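The lines below spell out each chain.
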Amino acid sequence: TNRTLTMIKPDAVEKGYIGAILTDIIAAGFTIKAMKFTQLTRRDAEQFYAVHKGKPFFESLLNFMTRGPIVAAILEKDNAVANFRELLGSTNPENAAEGTLRKKYATSVTENAVHGSDSDENAAIESHFHFSEREIF
Ligand code: ATP
């Protein structure tokens, strides 16, 4: 499909990067279809990252993702999931290509500034996690 779900993570919000990241996303051709400023509870984060349960970094991931507010948004563009993963860059910013969001705004593999869905199926699940039907345009 043509939609994906992004989150501007707590590290990037703390550093004042919301505006710059949204500007880059829009400049790359994505349209915003839903957006909110919110904070994940521990229960939210456990649910959102359920696939990582049991991994060594799960606990630090939960602490990180719940420590402050985030911006969640639904983005539209042709081939949105793959195109947005390309704009994001590698999970580890040290491996991220020049010009990618993680190269520009991330500090480590955990504090990597921005999330993007990894499949169309997860984009739909994650979009409904954050938004009700009347919040999506
Ligand atoms: P995201 O899902 O946030 O877009 P991703 O798909 O690139 O990132 P995943 O493998 O799904 O990466 O991991 C989800 C998140 O868990 C990462 O963004 C990162 O914050 C954290 N994470 C992943 N791998 C590690 C690791 N080896 N050490 C620490 N944190 C990690």
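Just so we're clear, the structure is a prediction, and the values are computed from it rather than from any experiment.

1. Examining the packing of aromatic side chains
Thinking step 1. What the rule picks out here adds up to four aromatic pairs.
Thinking step 2. An angle of 55 degrees between the planes, with centres 5.0 Å apart, marks the rings of Tyr 17 and Tyr 105 as tilted. Residue Tyr 17 is found in the loop between α1 (10-14) and α2 (18-27), and its partner Tyr 105 is found in helix α6 (residues 101-105); the two are separated by 88 residues along the sequence.
Thinking step 3. Owing to a relative accessible area of 27%, Tyr 17 belongs among the partly exposed residues under this scheme.
Thinking step 4. Centroid distance Phe 48 to Phe 129: 5.3 Å. Interplanar angle 70 degrees. Geometry classified as edge-to-face. With Phe 48 in helix α3 (residues 42-48) and Phe 129 in helix α7 (residues 120-130), this pair connects stretches of sequence that are 81 residues apart.
Thinking step 5. By relative accessible area, which is 11% here, Phe 48 ends up buried.
Thinking step 6. Against the face of Phe 30 rests Lys 77, its NZ or CZ located 4.9 Å from the ring centre.

2. Here's the deal with the pairing of strand β3 (residues 70-76)
Thinking step 1. Counting buried positions over the seven residues of β3 gives six, a clear majority of the element.
Thinking step 2. Pairing analysis gives six bridges linking strand β1 (residues 3-8) to β3, with the strands arranged antiparallel. Paired with Thr 4 across the bridge in β3 is Leu 75.
Thinking step 3. Note: strand β2 (residues 31-38) against β3, seven bridges, orientation antiparallel. Residue pairing for β3: Phe 37 is matched across the bridge by Val 71.

3. A short note on helix α5 (residues 80-88)
Thinking step 1. Within α5, the full set of buried residues consists of Ala 80, Val 81, Phe 84, Leu 87 and Leu 88. Taken around the axis of α5, the buried residues stretch over an arc of 125 degrees, which confines them to a single face.
Thinking step 2. Structurally, α5 contributes buried residues whose contacts are with β1, α2, β3, α6, β4 (114-116) and α7.
Thinking step 3. Note on α5: the residue one or two positions beyond its end, Gly 89, has a positive phi of about 85 degrees.

4. So, the pattern of salt bridges
Thinking step 1. In the structure shown here, the tally under the stated rule is nine salt bridges.
Thinking step 2. Notably, a salt bridge pairs Glu 76 with Arg 3, separated by 2.8 Å at the nearest N-O pair. Of this pair, Glu 76 sits in strand β3 while Arg 3 is found in strand β1, placing the two residues 73 residues apart along the sequence.
Thinking step 3. The closest approach of N and O atoms between Glu 76 and Lys 33, which form a salt bridge, is 3.8 Å. One end of the pair, Glu 76, is in strand β3; the other, Lys 33, is in strand β2, with 43 residues separating them in the sequence.
Thinking step 4. Relative accessible area serves as the criterion here: at 19%, Lys 33 is assigned to the buried category.

Procedures and definitions
Residues numbered from 1 in each chain as written. Predicted model: local features only at pLDDT ≥ 70, side-chain atom pairs only at ≥ 80, totals over all residues. Heavy atoms only, no water. Phe/Tyr/Trp six-rings, centres within 6.5 Å; stacked < 30°, edge-to-face > 60°. Helix = DSSP H or I, 4+ residues; strand = E, 2+ residues; numbered from the N terminus. Buried < 20%, exposed > 50% of the residue type's maximum accessible area, 1.4 Å probe, protein only. Lys NZ or Arg CZ within 6 Å of the ring centre and 35° of its normal. Pairing = 2+ DSSP bridges. Arc of directions from axis to C-beta. Contact = heavy atoms within 4.5 Å. Salt bridge = Lys/Arg side-chain N within 4 Å of Asp/Glu carboxyl O.

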